[in-house]
There are 2 protein chains.
Amino acid sequence: MSCSLTAAHTHPLDQLSASELLAARSVLINASIISPTDAVVSILEVDEPEKSVVKAWKPGQELPSRKALAVTRKDGIMRKTIVNLDKEMVESSEVHEGAGGTALSELEVEVVRVRRILAEYQPLQESLAKRGLSYSETALLPLSPGWFDVSEDEGKRLIFMQFNYANGTENHFMRPISGLFAVIDMDEERVSKYVDDYDEDIPLPRREGTDYRLECQEPPLLKPLNIISTEQPNGPSFTVDRHIVQWGSYWRFHLRMDGRAGTVISMAEVFDDGVWRSVLYKGYLSEMFVPYQDPSDLWYFRTYMDEGEYGLGANASPLEPLNDCPRNAHFLDVVLPSASGLPVVKSNRICIFERSAGDVTWRHTETLAPDGKIITEARSKVTLVVRMVTTLGNYDYLLDWEFQTDGLIRVGVGLTGIIQPKATKRRSLNDEGELSDSLHGAFVSENLVGVIHDHFMTYHLDLDIDGPKNSFVESKLKRRYIPPGAGIRRKSYWDTESRVAQTEADARIQLSLTQPSEFFVINPEKTTRLGNPVGYRLVPSATAATLLDPDDPPQIRADFIKKQIWATQYHKEEKYAGGEFVYQSHGDDTLSVWSNKNRNIANEDIVLWYTIGFHHVPVQEDFPIMSTISGSFELKPANFFENNPVLKMQPSSAADFSAYFPEIDTKIEQKST
Amino acid sequence: MSCSLTAAHTHPLDQLSASELLAARSVLINASIISPTDAVVSILEVDEPEKSVVKAWKPGQELPSRKALAVTRKDGIMRKTIVNLDKEMVESSEVHEGAGGTALSELEVEVVRVRRILAEYQPLQESLAKRGLSYSETALLPLSPGWFDVSEDEGKRLIFMQFNYANGTENHFMRPISGLFAVIDMDEERVSKYVDDYDEDIPLPRREGTDYRLECQEPPLLKPLNIISTEQPNGPSFTVDRHIVQWGSYWRFHLRMDGRAGTVISMAEVFDDGVWRSVLYKGYLSEMFVPYQDPSDLWYFRTYMDEGEYGLGANASPLEPLNDCPRNAHFLDVVLPSASGLPVVKSNRICIFERSAGDVTWRHTETLAPDGKIITEARSKVTLVVRMVTTLGNYDYLLDWEFQTDGLIRVGVGLTGIIQPKATKRRSLNDEGELSDSLHGAFVSENLVGVIHDHFMTYHLDLDIDGPKNSFVESKLKRRYIPPGAGIRRKSYWDTESRVAQTEADARIQLSLTQPSEFFVINPEKTTRLGNPVGYRLVPSATAATLLDPDDPPQIRADFIKKQIWATQYHKEEKYAGGEFVYQSHGDDTLSVWSNKNRNIANEDIVLWYTIGFHHVPVQEDFPIMSTISGSFELKPANFFENNPVLKMQPSSAADFSAYFPEIDTKIEQKST
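In this text the structure is predicted, and so the values were computed from the model without any measurement.

1. Describing helix 1 (residues 18–30) of chain A
Since the α-helix advances by 3.6 residues per turn, residues separated by three or four positions end up pointing in the same direction.
All names here are of chain A.
At step 1: Given a rise of 1.5 Å per residue, 13 residues ought to cover 18 Å, and the 18 Å separating the end C-alpha atoms of helix 1 matches this to within 8%.
At step 2: A18, E20, L21, A24, R25, V27 and L28 are the residues of helix 1 that are buried.
At step 3: The secondary structure elements touched by the buried residues of helix 1 are strand 1 (40–46), strand 2 (67–74), strand 3 (77–84), strand 4 (89–95), strand 16 (330–337) and strand 17 (343–355).
At step 4: Residue S32 follows helix 1 closely and has a positive phi angle near 60 degrees.

2. Considering the domain arrangement of chain A
Residues and elements named next belong to chain A.
At step 1: Taken domain by domain, chain A comprises domain 1 (18–96) and domain 2 (106–214).
At step 2: The distance between the C-alpha centroids of domain 1 and domain 2 comes to 35 Å.
At step 3: Contact with domain 1, which involves five residues of that partner, is made by six residues of domain 2.
At step 4: Ranking the residues of domain 1 by area buried against domain 2 places D38, V40 and R73 at the top, with a combined share of 76%.
At step 5: Linking domain 1 to domain 2 there are one salt bridge.
At step 6: Remark: the boundary between domain 1 and domain 2 carries one residue pair in polar contact (both at pLDDT 80 or more).
At step 7: The residue makeup of the side of domain 1 that touches domain 2, split by class, is one nonpolar, two polar and two charged.

3. Examining the relation of the copies chain B and chain A
At step 1: Mapping chain B onto chain A leaves a residual RMSD of 0.0 Å; the transformation is a rotation of 180 degrees accompanied by 0.0 Å of translation along its axis. Such a combination of turn and shift is consistent with a two-fold rotation axis.
At step 2: When the interface residues of chain B are mapped onto chain A, 100% of them again lie at the interface, so the same face is used by both copies.

4. Concerning the packing of aromatic side chains
All names here are of chain B.
At step 1: Under the defined criterion, the tally for this structure stands at 46 aromatic pairs over all chains.
At step 2: When the ring of Y284 is compared with that of Y576, the centres are 6.4 Å apart and the planes differ by 70 degrees; the resulting orientation is edge-to-face. A residue pair is termed long-range when its members are at least 10 positions apart, and Y284 in strand 14 (residues 275–291) and Y576 in the loop between strand 32 (565–569) and helix 7 (591–595) qualify at 292 residues. In this pair, the class of Y284 matches that of Y576, namely buried.

5. What about the pairing of strand 34 (residues 626–638) of chain A?
All names here are of chain A.
At step 1: For strand 34, the buried fraction is high: 11 of the 13 residues fall into the buried class.
At step 2: Judged from the eight bridges that link them, strand 22 (residues 409–417) and strand 34 form a sheet pairing that is antiparallel. Within strand 34, the residue paired with V413 across the bridge is G631.
At step 3: In the sheet, strand 31 (residues 533–539) pairs with strand 34 via five bridges, with the strands oriented antiparallel. In the strand pairing of strand 34, R537 is matched with K636.

6. Digging into the sheet that holds strand 8 (residues 190–196) of chain B
Residue and element names in this part refer to chain B.
At step 1: As summarised here, the arrangement of the four strands in space is 5-6-7-8, forming an open sheet in which the pairing is antiparallel. Looking at the sheet topology across the chains shown, the edges are occupied by strand 5 (138–143) and strand 8. Here the average twist between neighbouring strands, direction ignored, is 25 degrees.
At step 2: Of the pairings in the sheet, the one linking strand 6 (residues 158–165) to strand 7 (residues 176–185) comprises six bridges and is antiparallel in character. Counted as the bridge partner of M161 is A182 from strand 7.
At step 3: Along the sheet face, helix 4 (residues 122–131) touches strand 5, strand 6, strand 7 and strand 8 and points at about 175 degrees away from the line of strand 7.

7. Here we look at the sheet that holds strand 3 (residues 77–84) of chain B
Residue and element names in this part refer to chain B.
At step 1: Taken in spatial order, the four strands make up an open sheet running 1-2-3-4, and their pairing is antiparallel. Two strands lie at the open edges of the sheet, namely strand 1 (40–46) and strand 4 (89–95), each paired on one side alone. Pairwise comparison of adjacent strand axes, ignoring direction, gives a mean angle of 20 degrees for this sheet.
At step 2: Strand contacts of helix 1 (residues 18–30): strand 1, strand 2 (67–74), strand 3 and strand 4, with the helix running at about 125 degrees to strand 3, the strand carrying the most contacts.

8. A closer look at the interface of chain B and chain A
At step 1: Listed per partner, the contact involves 206 residues of chain B and 208 residues of chain A.
At step 2: Of the roughly 18000 Å² buried between chain B and chain A, counting both surfaces, carbon and sulfur atoms make up 55%.
At step 3: By the criterion of area lost to chain A, the three top residues of chain B are R489, R490 and W494 of chain B, representing 5% of everything that side buries.
At step 4: Across the chain B-chain A interface, the total number found is 18 salt bridges.
At step 5: In this structure, D552 of chain B and R490 of chain A form a salt bridge, with 3.8 Å as the shortest nitrogen-oxygen distance.
At step 6: At the junction of chain B and chain A, the tally comes to 105 residue pairs in polar contact (both at pLDDT 80 or more).

What counts, and where the lines are drawn
- Sequence order as written defines residue numbering, which begins from 1 separately in each chain.
- The order in which chains are written sets their letters, starting at A; the order in which ligands are written sets their numbers, starting at 1.
- Since the coordinates come from a predicted model, pLDDT governs what is reported: local features require at least 70, and pairs of side-chain atoms require 80 or more to be given and counted, while whole-chain, interface and lining totals use all residues.
- Processing note: side-chain calculations cover all non-hydrogen atoms of the structure and skip hydrogens and water entirely.
- Going along the chain from the N terminus, every DSSP run of H or I of four or more residues is numbered as a helix, and every run of E of two or more is numbered as a strand.
- An expected span of 1.5 Å times one less than the residue number is assigned to each helix.
- Between buried and exposed lies partly exposed: a residue is buried under 20% and exposed over 50% of the maximum accessible area for its type, with that area taken using a 1.4 Å probe on protein chains only.
- Whether two residues are in contact is decided by their heavy atoms, any of which lying within 4.5 Å being enough.
- Where each domain begins and ends is defined by an automated method or by a domain database.
- Note on definitions: buried area is the accessible-area loss of two parts on being combined, 1.4 Å probe, summed for both.
- Within this document, salt bridges are pairs made up of a side-chain nitrogen of Lys or Arg and a carboxyl oxygen of Asp or Glu, the two lying within 4 Å of each other.
- Polar contacts, as used here, are pairs of N or O atoms within 3.5 Å; protein pairs need one atom able to donate a hydrogen and one able to accept it. Residues neighboring in sequence count only if both atoms are side-chain atoms.
- Note that Gly is not counted as nonpolar here; it falls among the polar residues with everything else outside the nonpolar set of Ala, Val, Leu, Ile, Met, Phe, Trp, Tyr, Cys and Pro and the charged set of Asp, Glu, Lys and Arg.
- Copy-to-copy alignment: least squares on C-alpha atoms, limited to residues at pLDDT 70 or above in both.
- Each pair of aromatic rings taken from Phe, Tyr and Trp, with Trp reduced to its six-membered ring, is defined by centres within 6.5 Å and is described as stacked if the planes are under 30 degrees apart, edge-to-face if over 60, and tilted in the remaining cases.
- Strands were regarded as paired on the criterion that DSSP finds at least two bridges between them.
- A fitted line through C-alpha atoms represents every axis, and for helices the fit uses only the stretch in contact; the resulting angles, taken between N-to-C directions, go from 0 to 180 degrees.

What follows is the structure, encoded as structure tokens:
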């Protein structure tokens, strides 16, 4: 088992290897698309061959032509370039016109500039001195500015800077320096706007209690629970062969990490009675939208689109063995391009593990058999989890893909890390001061308000149920009335009314508790032996609807969250729900714009999109670090199999364990009563 | 650690011990409330002392007076009796007037009668002979009849009988005998209605593929995954001292099993900085409603209220070690009354285990520190799960209470077991036949349709946040508009508008995606140091709204599911959302009726009610046994703690494990690229 995603490519969908990254970079430099010194490479990743080519390819055959997609910025010019790696030449290169820019995954390059600019910026030094603060202890937060249809900002590439104070704490987020703010024009390399709205009544929030590091905790610490571990004496049941993960005789899929999208699951196939059947051609988180809900001067713009503005893979965090992933996890390294396009090997950015959470796959106790026999059959549940964590400044997002033996895929997200708070004049609700309803959040510590915000995460789910041509079906659950006098004792019941979405307009779904539907992607040309179309069902769970006005610029940019479900015709360039060039974008290249083309989606290659959502009103428990909030949705076989696919699963028995582990006495002594 | 709930009582809330059950039964027999031979005891359980008495009691003190609550039926008379166990006398005994009867937990007694009646019932024998079927292989399904305002049924105690065929399969549910149906009048001990609507075109659905037992599976079986086990070499971190469960220095609570409600969690307290603080005085599943959605003659009445009609504890299944609960689980026996009131020790009806699912309590990677240092702190997650399984005929329900170290309680349900199908003339959708939309379900096998239905589970949650006097708060998330010309670049944002529910009418909540709220139970007389009221938040997740007409009799009976959340004033007798006497009830003693009293609930002892809901349209994967469908909701601290209560938690380190387990090499070999 090779547990690394850094090896040379052996599959058409493999991410670029280190040598391919170097080769692509050379081509880009030779073509003067980037320079070795000061250009920024926002995306440098595999340009996937057409789906038909990938599907036709078989292991052992020569690989289809390898190409790289480069999104770059040099001298203010942004380009999208296809490099043919076999021929070592530029195949095409377009200058990006119009609104929107490349991601700040270029942070390494651009923040160096910002630090240099600000170090020499006298007003900032004076502001800090006035407050008695030292520049060396000041943390700079480079924030994407969103878009607010302000003519003076148009055509400029801006970074908005917030300043935190890190004196004696690594949790500088909890010590925001109030009233201090700078806008950097990255093209002109200067401070284009500077605000010092100093109010000596607003203190720097206190340091005490902010640090979350173990070494900073005053005793007594919490008493640890007894050792608990998931053990696999014979090792895992999955293999990782370069980019191909295979889990027993249940699932196989291609796994890679893109700088922008993070983990990408491709060609996920489930084993059914001797045959690997196609379920998911490609699945990944395609954009995140995190609007804060404080309209004041230094907060209104915080309407992050974290994936397009920062990058999920580029900001993937190293996973801590035993804490981020259990002891039986296997960790994968990845190679990703730096901001200058150089390959960087990053350790432990993905973990894969079998989860044994004590759940039950299926069970039944039979008590009504005519012979009076009591029968219990039960099967425990083990799933396969692929995890990454991306850290976008303050927040940490756990992104899980979980596969079940019965064909179900659960996509899970966890939100942890640090909230974004602001300093206030008022110490707490106990003090006189402004009304609570102008706080735009809740006190989480003295002089510190956690600001209200949302998280929306829109997944790209290119399901290919037994082939690329699929249909989206909404099955409405409709109340039916029984006419009086029909001789029926019920007045009502419900049944389903299924509708195949003909065009994209038919597949813009706002969920409703009182007018529920079930949602399917089916293969209309294939049925089970009973005539049911084979399909997978999208089972929504954690979600939220936007509360922004439709005409508010942040909502226009992030219009893809106005519905919870969409289905669109597959087009290779429609990758990211928020568009390709998201930084300061105007919302003219988003999922909702594509859907407005209203293309045919019946019996076509289609993509399903689902948005997980959370509204977050902070509470004191979120200080100084927040416990994980979780959400998920499921892709669940629905008449995909002829019957329960794990009927022939075997139960666990004591003998399975006795060779490896000491006996546990689970039989309980019967106390006399 | 005593792992049994059968021991003599040592706490005022303990369930009746075997000797107490015997004593109570003697008193009831002596008072001629039941007879030793043919009475039925539906409920015989502890009658809890007043909350103030329980709370005032301290371990070591003399126990408050022990009383038993008996709900019984003899000669058609139903009674609710309080037995004083100390004085061995009846304290009060009321005859139940009005609609509604006792549960079929009396199945053991009543079904014996039914079998006797039907064995001698010649028309049934003839019907079976006509079909070539044998009575000895016929499974009798005693179904509660619901209520449909039919005068001829009024005042009678009826059981509706369906007949399945168990020839060569233990899964007789998949072989329903079509057209055959009987109604038994249990008072008159006779068949009051018999239907043989024989249609020779409707076959007995085939046996092949129905059995789920391991021994019946044809090879090849599914290849097992490698051994995986949750190991705790030093044992668990919880103790069970009679009925008191304590989990490290995180949680303690009282646990028992009632015949009707199943597991009851009482006096759950969380440890906070040296003090045990009250969270949940009492929590349990208070009723289930499972309406089927086929209005035809033999199906319209299937509108089960499984808890009040059958009993969750009475039908608790023995848990299979290693399959229903993991290897590190500890199993508890319980003692429950039989239908004649005799104590029966039932093994392995509850399991308790620490879950180590590979989740993360909290984490953060810091990348923006001014000194450029990268810091990662992560803490793994272990939770405590209390599980039971109740099997109500075909369905098996997993009922979990899960406790987190950070104060969160997750209430989880799992639905597995067998669906209720019906036989059809039509073999499959491929055949000519009636239209699909009159199937009221979907083909799951040849000549077999899984019928559409719902599951609603209403939890009773008597939260006592730092004391009994609490308030229910709805915090609406409201869109706010910014007037043009205000000099603000946003057009909108949202904030919260909190409202303390003054009366029960203010606390009838229909959830809405587009008009969201957060819901809290707070202690209005206690705030954090920052002035936030201490509270817990109800975090809804899996739910569903009823699709029945409000005037449909099943909906009238189960009107408590018309809202997802309710809060009511605490009254001891308002235990079960569907009322005390549910069998054939008319809906005149339900949560919605109590709520209509519109009592004051601000700064009162209040009870919160939440309904988990599922709509279920069967699919072929549900045949012959269905994989678990899960749902949950959370009770989450919200300004209950002054800050994250697990900030001082310690990370796991390799050294913690090395003494117990072989080393796992999680470091990955770096392939050259």
